[in-house]
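What follows is each chain in one-letter form.
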Amino acid sequence: MADCVKDGAAAAAEKILKSYSGRPLRIMEVCGTHTHEIFRLGIRNILPENIRLISGPGCPVCVTPTGFIDEAVMLALDHGCTIATFGDLVRVPGTEMSLAGARSKGAHIEVVYSPLDSVVYAGTHPGEQVVFLSVGFETTTPAACISVRQAKQKGLGNYSLLTANKTMDNAYAALKDSADAFLYPGHVSVITGTKIYERLRDEGVSGVVTGFTAGEILAALAVVVTEIQKGGPFFRNCYPRVVTDEGNVNALKLMKDTMIPVDAEWRGIGTIPQSGLTLNDSYAAFDARKKYALPKITGKPDPACRCGDVLRGECSPDGCACFGTACTPEHPVGACMVSGEGACAAYYKYGPGLALSADKENMNI
């Protein structure tokens, strides 16, 4: 297929996918939104048995380790901090309790929509020590950087970040044996640009950047199948209307000027070298770990939960004994069931996959 997406490409892509009769392929999507859309659209249902889609670690809440939740709980209960956070982190289980559990014990948990909301809150509540839980990939990290810059400019000594920010490039390399090719995330790629994927290709990692409509996803999968049959590592940008070679230069500079790479723990995967971001020395006063001298915490996830195996593509959500019984969206045992972008939450909502609708106009095909 010469082009990734153009008029008639979806129908051509579906034909290519259904006719594939080569060796078994494992294609991993590493974006929570891709996971949700693939389940919702029932794309798995039109693929032959020798093409397997794997939901990888593309949900930032899902890959945030248990120890991070334990740190937040400690800040809330032992240090009396106001925890500002996105809503989906509130119910992620820690070793002993979630932030919701801490709130039931008197902790102040403030749900915000942006790190900048946390700065506003800190400015209007000078008597409270406000800690924003900075979780996310390259798409959300720039806003956290702006928040500490604003706090520094305003002289807000009552604001800090607890960082669990991650970058995706080293994660692909760490997971390269788990898949034959990746569907690279569209949102992250808008920030990073495509040069990191070209470098990964040179290191033997294959993948395709794609968007989020059914047509874009199907076309990208067809490109993967076509390129794999040619042999050799490859990279294709199938989302050129928003993803460029350079990425968002201003956002990349902002992150480079505010944060530094560090080794980071990924739930279920372990520590990936230089895959995390933390505040640099210029903003050390806003680093909650340093400010409150937090001890090193190694969290202990529920041993019955197979969230880590799901994130590595070693089992599907229903391969976990907790799924749908002890673990539901109302009472999650693992992070993959909490977040709407988590594979377990998507599988619970849609099952193995809805049949691809005949009303393709509603799916932008």
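Residues numbered from 1 in each chain as written. Predicted model: local features only at pLDDT ≥ 70, side-chain atom pairs only at ≥ 80, totals over all residues. Heavy atoms only, no water.

Once that is clear, we can look at the overall build of the protein. If you tally the helices and strands in the protein, you get 16 helices and 11 strands. Relative to the globule expectation of 21 Å for 365 residues, the C-alpha radius of gyration of the protein, 21 Å, shows essentially globular dimensions. Taken over the C-alpha atoms alone, the protein extends approximately 65 × 45 × 35 Å along its principal axes. Looking at the 365 residues of the protein, the share that counts as buried comes to 57%. Of all intrachain contacts in the protein linking residues separated by at least 6 positions in sequence, the fraction that spans at least 24 positions is 77%. (Helix = DSSP H or I, 4+ residues; strand = E, 2+ residues; numbered from the N terminus. Rg over C-alpha atoms; globule rule 2.2 N^0.38 Å. Buried < 20%, exposed > 50% of the residue type's maximum accessible area, 1.4 Å probe, protein only. Contact = heavy atoms within 4.5 Å.)

By the criterion of burial, strand 2 (residues 51-55) is predominantly enclosed, with four of the five residues buried. In terms of strand pairing, strand 1 (residues 25-29) meets strand 2 through five bridges, oriented parallel. Residue Met28 lies in a different strand from strand 2, and its bridge partner there is Ile54. Taking the sense of rotation as the criterion, the β-α-β connection linking strand 1, helix 2 (residues 32-41) and strand 2 turns out right-handed. (Pairing = 2+ DSSP bridges. Right-handed = clockwise from strand over helix to strand, strands pointing away.)

Pairing is parallel in the open sheet, where five strands are placed in the order 2-1-7-8-9. Strand pairing shows two members of the sheet lacking a second neighbour, strand 2 and strand 9 (235-237), which therefore form its edges. Here the strands of the sheet are splayed against their neighbours by 20 degrees on average, with no regard to which way each runs. Together, strand 7 (181-184), strand 8 (207-209) and strand 9 form the strand contacts of helix 10 (residues 195-202), whose direction differs from that of strand 9 by roughly 160 degrees. (Axes fitted to C-alpha atoms, helices over the stretch in contact; angles between N-to-C directions.)

By size, the foremost hydrophobic cluster in this structure holds 72 residues, and its most contacted members are Leu75, Ile83, Leu162 and Tyr184. Counting residues per element, this core draws most heavily on helix 4 (residues 66-77), at six residues. Two domains share this core, each providing at least three of its residues, namely domain 1 (25-303) and domain 2 (307-349). (Core = buried A, V, L, I, M, F, W, Y, C linked by side-chain atoms within 4.5 Å. Domains from an automatic or database assignment.)

Across all of its chains, the model carries 13 aromatic pairs by this definition. A centroid spacing of 5.4 Å and a plane angle of 80 degrees characterise the contact between Phe86 and Phe132, whose relative ring orientation is edge-to-face. With a gap of 46 residues between them, Phe86 in the loop between strand 3 (82-85) and helix 5 (99-104) and Phe132 in strand 5 (residues 130-136) connect regions that are remote in the sequence. The exposure class of Phe132 is buried, given its relative accessible area of 1%. Through a chain of ring-to-ring contacts, three or more aromatic side chains come together here, namely Tyr172, Phe182, Tyr184, Tyr197 and Phe235. Positioned above the aromatic ring of Phe39, the side-chain terminus of Arg44 is 4.3 Å from the ring centre. The cationic tip of Lys166 hangs over the ring face of Trp266; the distance from NZ or CZ to the ring centre is 5.8 Å. (Phe/Tyr/Trp six-rings, centres within 6.5 Å; stacked < 30°, edge-to-face > 60°. Lys NZ or Arg CZ within 6 Å of the ring centre and 35° of its normal.)

Glancing now at the sheet that holds strand 10 (residues 259-266). The six strands lie next to each other as 4-3-5-6-11-10, forming an open sheet whose pairing is mixed. If you trace the sheet from one side to the other, it starts and ends with strand 4 (108-111) and strand 10, each paired once. Pairwise comparison of adjacent strand axes, ignoring direction, gives a mean angle of 25 degrees for this sheet. Examined bridge by bridge, strand 3 and strand 5 share three bridges and lie parallel to one another. If you follow Ile83 over to strand 5, its bridge partner there is Val131. Packed onto the sheet, helix 4 meets strand 3, strand 5 and strand 6 (159-166) and runs at close to 170 degrees relative to strand 6.

Turning our eyes to something else, we now look at the domain arrangement of the protein. You can read the domains of the protein as domain 1 (25-303) and domain 2 (307-349). Relative placement of domain 1 and domain 2: their C-alpha centres are 18 Å apart. Opposite the 26 residues of domain 1 that make contact, domain 2 presents 22 residues. Taking both partners together, domain 1 and domain 2 bury about 1800 Å²; carbon and sulfur atoms supply 62% of that area. In terms of surface lost to domain 2, no three residues of domain 1 exceed Phe39, Cys62 and Arg91, which account for 28% of the buried area on that side. Taken together, the connections running from domain 1 to domain 2 amount to zero salt bridges. Linking domain 1 to domain 2 there are four residue pairs in polar contact (both at pLDDT 80 or more). At the level of elements, helix 2, strand 2 and helix 3 (60-63) are the ones that each hand at least two residues to the side of domain 1 that touches domain 2. With five residues, the top contributor of residues to the side of domain 1 that touches domain 2 is helix 2. (Buried area = accessible area lost by both parts, 1.4 Å probe. Salt bridge = Lys/Arg side-chain N within 4 Å of Asp/Glu carboxyl O. Polar contact = N/O pair within 3.5 Å; in protein donor to acceptor, adjacent residues only side chain to side chain.)

Let's shift gears to the state of the cysteines. Under the criterion given, the structure shown has one disulfide. A disulfide-free cysteine, Cys31 has its sulfur positioned 9.7 Å from the sulfur of Cys59, the nearest such atom. For Cys320, which is in no disulfide, the shortest distance to another cysteine sulfur is to Cys322 and amounts to 4.3 Å. (Disulfide = S-S within 2.5 Å.)

Another aspect to go through is the confidence of the model for the protein. Mean pLDDT over the protein: 91, with 94% of residues reaching 70 or higher. Here residues 355-365 scores under 50 on pLDDT; set against residues more than four positions off or in separate chains, the count is 22 contacts. (pLDDT = per-residue confidence, 0-100.)

Across the interface, helix 6 (residues 115-124) lies against helix 7 (residues 141-154) with an axial gap of 8 Å and an inter-helix angle of 20 degrees. Considering their axes alone, helix 6 and helix 7 lie roughly parallel with respect to each other. In the crossing of helix 6 with helix 7, the sense of the turn from one axis to the other is right-handed. On helix 7, the residues touching Pro115, Leu116 and Val119 of helix 6 are Ala143, Ala144, Ile146, Ser147, Gln150, Ala151 and Lys154. Residues that form the contact of helix 6 with helix 7 fall into these classes: seven nonpolar, two polar and one charged. (Parallel < 35°, antiparallel > 145°, perpendicular 65-115°, else oblique. Left-handed = near helix turned anticlockwise from the far one by under 90°. Nonpolar A, V, L, I, M, F, W, Y, C, P; charged D, E, K, R; others polar.)

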